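Architecture at a glance
Here's the letter readout for the chains.
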Amino acid sequence: MNQHALFDDLLDKLSRKLVLLPDKPEETPESTLRALWMLVAGEPMSVASAMNRELPDLDASQQEELDKVIQRRLDGVPLAHISGRQSFMGMELLAGPQALIPRKETELLAASAIDILRQGKGEGEVRVIDVCTGAGNVALAIAKAVQHARVYASDLSEEAVSLAQMNTEMHDLSDRVVLYAGDLLEPFRNLDLQGQVDMITCNPPYISSAKVPVMASEISEHEPEMAFNGGAFGINLMLRLIAEAPDFLCSGGHLVFEVGLGQGSAMRKQVEKFPDYARVNAVEDAQGETRVIVAQLS
Ligand SMILES: C[S@@+](CC[C@H](N)C(=O)[O-])C[C@H]1O[C@@H](n2cnc3c(N)ncnc32)[C@H](O)[C@@H]1O
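Residues numbered from 1 in each chain as written. Predicted model: local features only at pLDDT ≥ 70, side-chain atom pairs only at ≥ 80, totals over all residues.

**Focus on the pairing of strand β2 (residues 91–94)**
Quick reminder of the rule: Any residue surrounded by 20 or more other C-beta atoms within 10 Å of its C-beta is treated as buried, while 12 or fewer makes it exposed and the intermediate range makes it partly exposed; C-beta atoms here are placed from the backbone. Only runs of H or I of at least four residues qualify as helices and only runs of E of at least two qualify as strands under DSSP, and these elements are numbered from the N terminus. Note on pairing: DSSP must find at least two bridges between two strands before they are called paired.
Judged by which residues are buried, β2 turns out to be one-sided: Met91 and Leu93 face inward and are buried, whereas Glu92 and Leu94, on the alternate face, are not. Sheet topology places strand β1 (residues 85–88) next to β2; four bridges connect them, and they run antiparallel. Residue Arg85 lies in a different strand from β2, and its bridge partner there is Leu94. Taken together, β1 and the strand that follows it, β2, pair antiparallel across an intervening segment of two residues, in which Met89 is found at a positive phi of about 50°.

Next up, the structure:
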């Protein structure tokens, strides 16, 4: 079969059979096919990158391999686990079952953090802690965009930290991004960072435990539960973070964290209960939903 006919044929199959989730809006039948095509051609890449590439011709064994990876995807394996890649803020990252696949929606958190840091105190070093770092996406996006930032990143999952370490090395950012394994801010207590940090960022697990059993199996069966299960109301970690962050932030420092749909106003009220914070702002997504809370220390 010629390559154009093969592409059209497979695109038709994916258009009819592929189940797409709203939390990965960049995945379409076409972008999926392009990413899988590039994978079997020997160049694994995210859908974002694959959309900009001319597809090479595939030989017979690569075509056979393409059928197999398409079937894995139709069986519900996340695309990023098959390709091993995901794009975040224009950065090509390694992805895998060790950590949550970075989501497009979390770019609002990274972009909000970067905006604040860029408006900040000139070119002197700024210290950022990124907790719940997962694959390291938020930490690395900040380090790449803000050259004078030193980022301390951590996660409770050692597997996630290993993946974040690989991403840090792949982007040549090991001199400004250091990784630790541990519970929330615990890894930083021995580093004398109390009162020294300009910003803490976090994309916490925020799905309530009751909702976990009814989540799409593509997520619940393939991504680590620790990455999305946020306890009884989905807010356990956020409440701890709001209470513990002031120990580490310097005067005027910012806590910037992602919230789940519908959690924004409750989290804003939680921040307002703490007199340590002088200001709290909500950042809305394109649909007008609060998805990021920014709290500034007095
Ligand atoms: C929603 S994921 C975010 C991952 C990544 N930052 C991102 O934006 O895609 C939440 C992360 O929090 C981590 N985590 C869960 N409980 C934690 C805790 N008590 N302390 C530190 N990290 C935790 C999980 O392992 C997971 O990597």
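Continuing now.
**Regarding the sheet that holds strand β8 (residues 277–284)**
Two modes of strand pairing occur in sheets, parallel and antiparallel, and in both the strands are linked by backbone hydrogen bonds. Worth spelling out the cut-off: A fitted line through C-alpha atoms represents every axis, and for helices the fit uses only the stretch in contact; the resulting angles, taken between N-to-C directions, go from 0 to 180 degrees. Remark: residues whose backbone-derived C-beta atoms lie within 7 Å of one another are considered to be in contact.
Taking strand neighbours across the sheet as the criterion, the seven strands line up as β5-β4-β3-β6-β7-β9-β8 in an open arrangement whose pairing is mixed. Each having just a single partner strand, β5 (177–181) and β8 make up the two edges of the open sheet. With strand direction ignored, the average angle separating the axes of adjacent strands in the sheet is 15°. Judged from the four bridges that link them, strand β3 (residues 126–131) and strand β6 (residues 197–202) form a sheet pairing that is parallel. Note that in β6 the partner of Val128 across the bridge is Met199. On the sheet, helix α7 (residues 137–145) packs against β3, β4 (149–155), β5 and β6 and is oriented at approximately 175° with respect to β4.

**Brief notes about the pairing of strand β7 (residues 249–258)**
The element β7 is largely enclosed, with a buried count of seven among its 10 residues. Summarising the sheet, β6 and β7 pair through five bridges and their orientation is parallel. Across the sheet, the residue bridging to Cys202 is Phe257, located in β7. Pairing geometry for β7 and strand β9 (residues 290–297), over five bridges, is antiparallel. Pairing of His254 across the sheet is with Gln296, part of β9.

**Observations regarding the nonpolar core**
For clarity, the threshold we go by: A set of buried residues qualifies as a nonpolar core if it consists of Ala, Val, Leu, Ile, Met, Phe, Trp, Tyr and Cys joined through C-beta atoms within 7 Å. Each domain span listed reflects an automatic or database assignment of domains.
Counting 78 residues, the largest nonpolar core has Ile142 and Ile200 as its most contacted members. Here this core takes seven residues from helix α2 (residues 29–40), the largest share from any one element. There are two domains that each give this core at least three residues, and those are domain 1 (3–83) and domain 2 (104–297). The residues contacting Ile200, other than those within four sequence positions of it, are Ile129, Val131, Ala245, Phe248, Leu249 and Leu255.

**A closer look at helix α6 (residues 107–119)**
Since the α-helix advances by 3.6 residues per turn, residues separated by three or four positions end up pointing in the same direction. What counts, and what does not: Expected span, for any helix, means 1.5 Å times one less than how many residues it has.
In this model α6 runs 18 Å from its N-terminal to its C-terminal C-alpha over 13 residues, within 8% of the 18 Å that 1.5 Å per residue would give. Listing the buried residues of α6 in full gives Leu109, Ala110, Ser112, Ala113, Ile114, Ile116 and Leu117.

**Regarding the site of the ligand**
Keep this limit in mind: Placing the C-beta atom from the backbone, one calls a residue near a molecule or strand if that atom lies within 6 Å of it. Throughout, the ten residues Ala, Val, Leu, Ile, Met, Phe, Trp, Tyr, Cys and Pro are labelled nonpolar, Asp, Glu, Lys and Arg are labelled charged, and all others, Gly among them, are labelled polar.
Around the ligand sit 23 residues, and of these Cys132, Gly134, Leu156, Asn203 and Ala227 come closest. Classifying every residue of the shell around the ligand gives 15 nonpolar, six polar and two charged.

**Looking at the packing of helix α1 (residues 3–17) against α2**
Threshold: We call two directions roughly parallel when the angle between them is under 35 degrees, roughly antiparallel when it is over 145, roughly perpendicular when it lies between 65 and 115, and oblique otherwise. In this scheme the handedness of a crossing depends on how the near helix is turned from the far one: anticlockwise by less than a right angle means left-handed, clockwise means right-handed.
Between α1 and α2, the least distance of the axes is 9 Å, while the angle of their chain directions is 130°. The angle between α1 and α2 places the two elements in the oblique class. The two elements α1 and α2 cross, and the hand of that crossing is right-handed. Across the interface between the two elements, Leu10, Leu11, Leu14 and Ser15 of α1 pack against Pro29, Glu30, Thr32 and Leu33 of α2. Residues belonging to the contact of α1 with α2 are distributed by class as follows: five nonpolar, two polar and one charged.

**Here's the deal with unusual backbone geometry**
Its identity is not glycine, yet Cys132 carries a phi of approximately 60°, on the positive side. Tracing the chain through its elements places Cys132 in the loop between β3 and α7. The class for Cys132 is buried, based on 25 C-beta atoms found within 10 Å. Positive phi is not limited to glycine here, since Leu184 has a value of about 40°. Its location among the elements puts Leu184 in the loop between β5 and β6. A tally of 19 C-beta atoms within 10 Å means that Leu184 is categorised as partly exposed.

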